[in-house]
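Close look at the chain arrangement
Below, each chain spelled out in residue letters.
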Amino acid sequence: MKALVLSAGVRPAGYSLPRQIVPIANKPVLEYVVENLRDVGITEIGLVVGDHGQEISELFGDGSYLGVSITYIRQDLPLGLAHCVRIARPFLGDDDFVLYLGDNVLVEGIGQIADEFARLRPSAQVLVDKVEDPRLYGVAEVDENSRVTRLVEHPREPRSDLAMIGVYFFTPAIHAAVDAIEPSWRGEFEITDALQWLVTHERDVRARMYSGFWKDTGRVEDVLECNRELLMRLRTDIQGVVDDESRLIGDVVVEEGARVVRSCIVGPVIIGAGTLVEESVIGPYTSIGADCRITESGVAGSIVLNEASVHNVSGIETSLIGRRARVGSARQHRLVVGDGAHVEVAA
C-alpha cells in the first residue's frame, strides 16, 4: 500500500508558515502524518505540494530520516482532492493507497483502521466522526452495517452528523470514479463526488468511526489545542542545563543546548535546543522552539517558534509567536505574532 498526502493547502489566519509544517510540540504537523503512515508499514509516500513546496521539501527531503521515501507531486492550482488523486496516478499505479490530508492530526494513529481495510478490502473506506456542525464538512450517511449510502459536501441541510475527517483508504477502483466526475459548484473535483460515484455504481464504500483525538489545524485555536493534547503525552527528559535556582514541576523536556536559569517551569512543557529561559515562568502546555530567548517573562498555553524572543512580558497566554519575532513590554496578552515581527505593547 502507498500513501498520498495532501499538503497544497493554505496558511492558517495570522500565520506565515504553511499549516502542514506548523510545529506542534516542536514537530511539524506533517511529521505526525508521516509517522502515522510509517507505523502501519507504509513507506512509499506521494506528497502533493503547491506554492510552498520548496519549504516543505527543504524540511523533509527524501524522507529517509523518517524511514520513508517521499515523492513530490506538484499541484499548480487548488482544484480539489480528487484532482490530486488524478495527477498522482503515475505514482499510485494500481496499488491500494491511503489519502491523508496533511494538516490533520490524529493522535492515536490509524493502525486499527488500516488493519480493517486490509481485512475487508472495500472499494473505499472513510474515517468519520460526529461533529456539531456537519455543514462545514463532507458528510456520510451510513446504514446499520456501516456501509455508506450517500455523501454530500458541505450540505445545507445535513441528514447525518458523521463528518469525513481527512483519511480515506482506496483500492484502484477510485480512479474510474475520479475520471468520471465533473467540477463541483466550488470549481473543484471533490473526493466526496468520487466516493458518491462509487456508491451510485454499487461499489462497497464503508465508514469507520475514529474514536481518538483528531483536529484539522486550520485555525490558530486548533493548533493550540493540538499542542496541549500532544504535550500531555510528554515524559520528563533533561538534555540541557537547569541551574540550581530553577524549579521543574511536572513533565518537562529540555532539549540539548537549552538553558533554564532562575526560572520555574510547570509542565507539560518542551523547551527547544539552544533556547535560553531566564528569570521566567513557563507553562503549562507551552512549546518553545529552538534558539529562543525568554527573559523576565511569563508564558503559558502557547507556542513560541524558533529564534523568537520574549522579554519583560507579564503573562502571555494562549498565544502563537512566530519565527524570529520579538515581543516585549506587554501585560496579559493573547497574541498571534507573525515571523520576524517586532511587538512592543504598552503596559
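Look above for the structure.
Residues numbered from 1 in each chain as written. Predicted model: local features only at pLDDT ≥ 70, side-chain atom pairs only at ≥ 80, totals over all residues. Heavy atoms only, no water.

**What to know about the side chain of Arg 206**
With respect to the helices and strands, Arg 206 occurs in strand β12 (residues 205–209). According to the relative accessible area criterion, Arg 206 is buried, its value standing at 17%. If near-sequence neighbours (up to four positions away) are discounted, Arg 206 is found in contact with Leu 120, Pro 122, Ala 124, Gln 125, Val 126, Asn 145, Ser 146, Arg 147 and Val 148. (Helix = DSSP H or I, 4+ residues; strand = E, 2+ residues; numbered from the N terminus. Buried < 20%, exposed > 50% of the residue type's maximum accessible area, 1.4 Å probe, protein only. Contact = heavy atoms within 4.5 Å.)

**Description of the pattern of salt bridges**
Per the stated rule, a full pass over the model turns up 24 salt bridges. One salt bridge connects Arg 38 with Asp 39, and the closest N-O pair in it is separated by 3.6 Å. Judged by its relative accessible area of 56%, Asp 39 falls in the exposed class. We note a salt bridge from Asp 133 to Arg 135, for which the minimum N-O separation is 2.9 Å. With a relative accessible area of 46%, Arg 135 lands in the partly exposed category. (Salt bridge = Lys/Arg side-chain N within 4 Å of Asp/Glu carboxyl O.)

**Considering the packing of aromatic side chains**
One pass over the full model with this rule turns up 4 aromatic pairs. Judged by centre distance (6.1 Å) and plane angle (5°), the rings of Tyr 168 and Phe 170 are stacked. The exposure class of Phe 170 is buried, given its relative accessible area of 0%. Among the aromatic residues, ring-to-ring pairing joins Phe 97, Tyr 168 and Phe 170 into one connected group. When the ring centre of Phe 91 is taken as origin, the NZ or CZ atom of Lys 2, which lies over that ring, is 5.0 Å away. Geometry around Phe 189 places Arg 86 over its ring, the cationic atom sitting 4.5 Å from the centre. (Phe/Tyr/Trp six-rings, centres within 6.5 Å; stacked < 30°, edge-to-face > 60°. Lys NZ or Arg CZ within 6 Å of the ring centre and 35° of its normal.)

**Examining the packing of helix α6 (residues 173–180) against helix α7 (residues 191–200)**
In the contact formed by α6 and α7, the axes pass within 8 Å of each other and the chain directions differ by 115°. In terms of their interaxial angle, α6 and α7 are classed as roughly perpendicular. Here the hand of the crossing between α6 and α7 comes out right-handed. Contacts between α6 and α7 involve Ala 173, Ile 174, Ala 176, Ala 177, Val 178 and Ala 180 from the former and Ala 194, Trp 197 and Leu 198 from the latter. In terms of residue class, the contact of α6 with α7 is built from 9 nonpolar, no polar and no charged. (Axes fitted to C-alpha atoms, helices over the stretch in contact; angles between N-to-C directions. Parallel < 35°, antiparallel > 145°, perpendicular 65-115°, else oblique. Left-handed = near helix turned anticlockwise from the far one by under 90°. Nonpolar A, V, L, I, M, F, W, Y, C, P; charged D, E, K, R; others polar.)

**Focus: the nonpolar core**
Leu 4, Val 85, Leu 99, Phe 170, Ile 174 and Leu 195 are the most contacted members of the largest nonpolar core, which totals 36 residues. Here this core gets 5 residues from one element, more than from any other, and that element is α7. When residues no more than four places from it in sequence are discounted, the contact partners of Ile 174 are Val 85, Phe 97, Ala 194 and Leu 198. Of all hydrophobic cores here, the second largest spans 31 residues; its members include Val 49, Val 98, Leu 106 and Trp 214. (Core = buried A, V, L, I, M, F, W, Y, C linked by side-chain atoms within 4.5 Å.)

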